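# Summary of structural features
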Amino acid sequence: MSVRKYLSDSSTSIEKIIDPDTQDATAIMDEDQNTTFIFENLNGGKAVGNLFSTRQKIADAMNITQGEIVSHMIHAIDNPTDTQVVDDPEFRFQEIPVDLMKLPLCKYFPEDGGRYISSGVIVSEYGGKRNVSFHRMMIMDKDSIAVRLVPRHLYTMYNNAKKDGKELNISICIGARPEVLLAAATSTAYDADEMRIASAMVKKSFGEPLKMGKCDNGLLVPSDTDYVLEGRITFDTTKEGPFVDITGTYDFIRDQPVIKIDKIWACKDPVMQLLLPGGNEHYLFMGLPREPMMFKTVQQAVPRTHNVRLTEGGCCWLNGVVSITKNKEGDGINAIMAAFTGHPSMKHVIIVDEDIDIFDDRQVEWAVATRWQADRMLKIEGAAGSSLDPSAEGTTWKLGIDATIPLKADKAAFRKATY
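I will try to describe carefully the structure that is included in this document. As the structure is a prediction and not an experimental result, all values here were calculated from the model.

A word on the packing of aromatic side chains. Tallying each qualifying case throughout the model produces four aromatic pairs. For the ring pair Phe52 and Phe285, a centre distance of 6.0 Å and an interplane angle of 80 degrees mean the geometry is edge-to-face. Pair noted here: Phe52 is in the loop between strand E3 (45–49) and helix H2 (55–61) and Phe285 is in helix H7 (residues 280–287), with a separation of 233 residues, a long-range link. Taking 4.3 Å as the distance between ring centres and 40 degrees as the angle between the ring planes, the aromatic pair formed by Tyr116 and Phe243 counts as tilted. A residue pair is termed long-range when its members are at least 10 positions apart, and Tyr116 in strand E6 (residues 116–117) and Phe243 in strand E15 (residues 243–244) qualify at 127 residues. Like Tyr116, the residue Phe243 is buried in the burial classification. Chaining the aromatic ring pairs together yields one cluster made of Tyr6, Phe52, Phe134 and Phe285. Of note, Arg254 hangs over the ring of Phe252, and the distance from its end group to the ring centre comes to 4.0 Å.

Evaluated as defined, the whole model comprises 30 salt bridges. Residue Asp78 pairs with Lys296 through a salt bridge whose shortest N-O separation is 2.7 Å. One end of the pair, Asp78, is in helix H3 (residues 69–78); the other, Lys296, is in helix H8 (residues 291–301), and 218 residues separate them in sequence. Judged by relative accessible area, Asp78 falls into the partly exposed class, the value being 46%. In this structure, a network of salt bridges that share partners links the residues Arg55, Glu291, Arg309, Glu312 and Asp361.

Rules used throughout
Residues numbered from 1 in each chain as written. Predicted model: local features only at pLDDT ≥ 70, side-chain atom pairs only at ≥ 80, totals over all residues. Heavy atoms only, no water. Phe/Tyr/Trp six-rings, centres within 6.5 Å; stacked < 30°, edge-to-face > 60°. Helix = DSSP H or I, 4+ residues; strand = E, 2+ residues; numbered from the N terminus. Buried < 20%, exposed > 50% of the residue type's maximum accessible area, 1.4 Å probe, protein only. Lys NZ or Arg CZ within 6 Å of the ring centre and 35° of its normal. Salt bridge = Lys/Arg side-chain N within 4 Å of Asp/Glu carboxyl O.

Purely spatial values, then, with no claim about function.
See the structure below:
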């Protein structure tokens, strides 16, 4: 099924028994985030960590190159594709007893509110609209989950259902393919269908749309998923958190809705996907879906825009790099302003020439060191920034660096010798 097909010979198997309420799994994943770890016995089941913890792993799983990820996502957003409903024995699930406390999930950090589902995406439908989105989910007991709902699409859908006096039916998918995870984290218009975006990515790379199966609650979910939890977002609320967010710092406790789980389905020999909070995989699935919008806005200002990247050092959220070819002086500053428009949570951005590999931090720093003077930067005071930035106090300063070669300069003086 989904997770197993992405495991490789380079994955490292951990045979020892992992206690779900210690941080043993966290320590192993954090020590080497580039390596995929298979936990053979986490709370009696099998789990995997760092499955998609590098851009290269995500690109390989989608049958594209690392540099094509942004254009691949832009194509899917602009050309959503219908999914395909299947009833194939290969994708049939078995029902397992409802007991969340027996699943191979863990408490990642000592002050966490409990064990968390961190890689699950929630599928829901209401009023003719389908939504697919990431949410952190804290296990409360055998059939109850506290879910963090930020004021976006699922939050709106849930409140619409509440106004009608109804609980919102959902299905939680764990172990979905990377196209589904990326689409679930993409910012779209309310009436857009993230599953059709995922389907477009799958079809472009593999020639066929995303396959879907129907749950007992009527919701369609990706067929090649390891676990599906059917449930309802109820009218009840409870304390959710603390939880380590993308910056590696603890987020605070809030009153949040309670999910009641009615059924749990699993594929044959399921593998639970763990996603390390504040780790590289968390960065990538939160940040990568913001890059297409950055690219689009910068390209409107500077037509010869080559690629954009939110850097791992900036949690794939606060710091960015953009590669352009200037048509006129001032394009670097225009690219800075456009990049901040495309990703308003970003705090720092560096603009470089097309010869700089934006996926190589050393090359980017070299461009700043050798091509930039401090008179070519843009400082913006009092801007709205990211609530995830612990240094921000209501508003934030933003800084853009134009590390491109001046058009009138002797370009040979700025280029590295070759042989």
